[in-house]
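Below, each chain spelled out in residue letters.
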Amino acid sequence: MSMVNYISIVLEVITVVLGIMIATVKKKGFGWGIALTFAIYVFYDLVRFFKLQISGSFLSAIFLIGTVSILWGVWRIYKTS
């Protein structure tokens, strides 16, 4: 794994934390969607990094959940702007 991958995972974790802060401190529900999406990205990257034997269909399913989650979050941001 290259340095770029490590940096990406760290930035994804920071995004998860910020999403949780948006949801809890700022009381904006779309923060949960952001946090969930990037938590899934972290999990996905770590599975690849550690070469874990996880079903491809499971990874596809959680990636879809992450996509739906960020879509919901962005839609909520759009509606409140």
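Each remark here, short or long, concerns the structure printed above.
Residues numbered from 1 in each chain as written. Predicted model: local features only at pLDDT ≥ 70, side-chain atom pairs only at ≥ 80, totals over all residues. Heavy atoms only, no water.

A few words on the overall build of the protein. Along its length, the protein carries three helices and zero strands. Ordered by position in the sequence, the α and β elements of the protein form the string α-α-α. Dimensions along the principal axes, computed over C-alpha positions, put the protein at roughly 40 × 25 × 15 Å. Within the protein, the proportion of its 81 residues that are buried is 25%. Look at the contacts in the protein between residues 6 or more apart in sequence, and 53% of them connect residues 24 or more apart. (Helix = DSSP H or I, 4+ residues; strand = E, 2+ residues; numbered from the N terminus. Buried < 20%, exposed > 50% of the residue type's maximum accessible area, 1.4 Å probe, protein only. Contact = heavy atoms within 4.5 Å.)

Here the focus is a nonpolar patch on the surface. Side chains of Met 1, Met 3, Tyr 6, Ile 7, Val 10, Leu 11, Val 13, Ile 14, Val 17, Leu 18, Met 21 and Val 25 sit close together on the surface and give an oily, nonpolar patch of about 1100 Å² of accessible area. In this structure, Ile 7 sits in helix 1 (residues 3-24). (Patch = residues over 30% accessible without salt bridge, like charges linked within 9 Å, V, L, I, M, F, W, Y side chains within 5 Å. Areas by Shrake-Rupley, 256 points an atom, 1.4 Å probe, with all protein chains shown as cover. Salt bridge = Lys/Arg side-chain N within 4 Å of Asp/Glu carboxyl O.)

This part takes up the pattern of salt bridges. For the structure shown, the criterion picks out one salt bridge. The partner of Asp 45 in a salt bridge is Arg 48, and the shortest N-O contact between them spans 4.0 Å. Taken together, the residues span about one helical turn, with Asp 45 and Arg 48 both in helix 2 (residues 30-50) at a distance of three residues. Judged by relative accessible area, which is 13%, Asp 45 ranks as buried. Under the relative-accessibility criterion, Arg 48 is labelled partly exposed at 49%.

Okay, the environment of Ile 40 next. When you line up the elements, Ile 40 lands in helix 2. Judged by relative accessible area, Ile 40 falls into the buried class, the value being 9%. Placed 25 residues apart in sequence, Ile 40 and Ile 65 show a C-alpha to C-alpha distance of 8.4 Å.

In this section: the packing of helix 1 against helix 2. Between helix 1 and helix 2, whose axes approach to 7 Å, the crossing angle comes to 155°. Of the possible angle classes, the one that applies to helix 1 and helix 2 is roughly antiparallel. Crossing geometry of helix 1 relative to helix 2 is assigned as left-handed. (Axes fitted to C-alpha atoms, helices over the stretch in contact; angles between N-to-C directions. Parallel < 35°, antiparallel > 145°, perpendicular 65-115°, else oblique. Left-handed = near helix turned anticlockwise from the far one by under 90°.)

Another aspect to go through is the environment of Ile 22. Mapping Ile 22 onto the fold places it in helix 1. It is 31 Å that separates the C-alpha atoms of Ile 22 and Ile 54, two residues lying 32 residues apart in sequence. Filtering out sequence-adjacent residues up to four positions away, Ile 22 remains in contact with Lys 27, Lys 28, Phe 30 and Gly 31.

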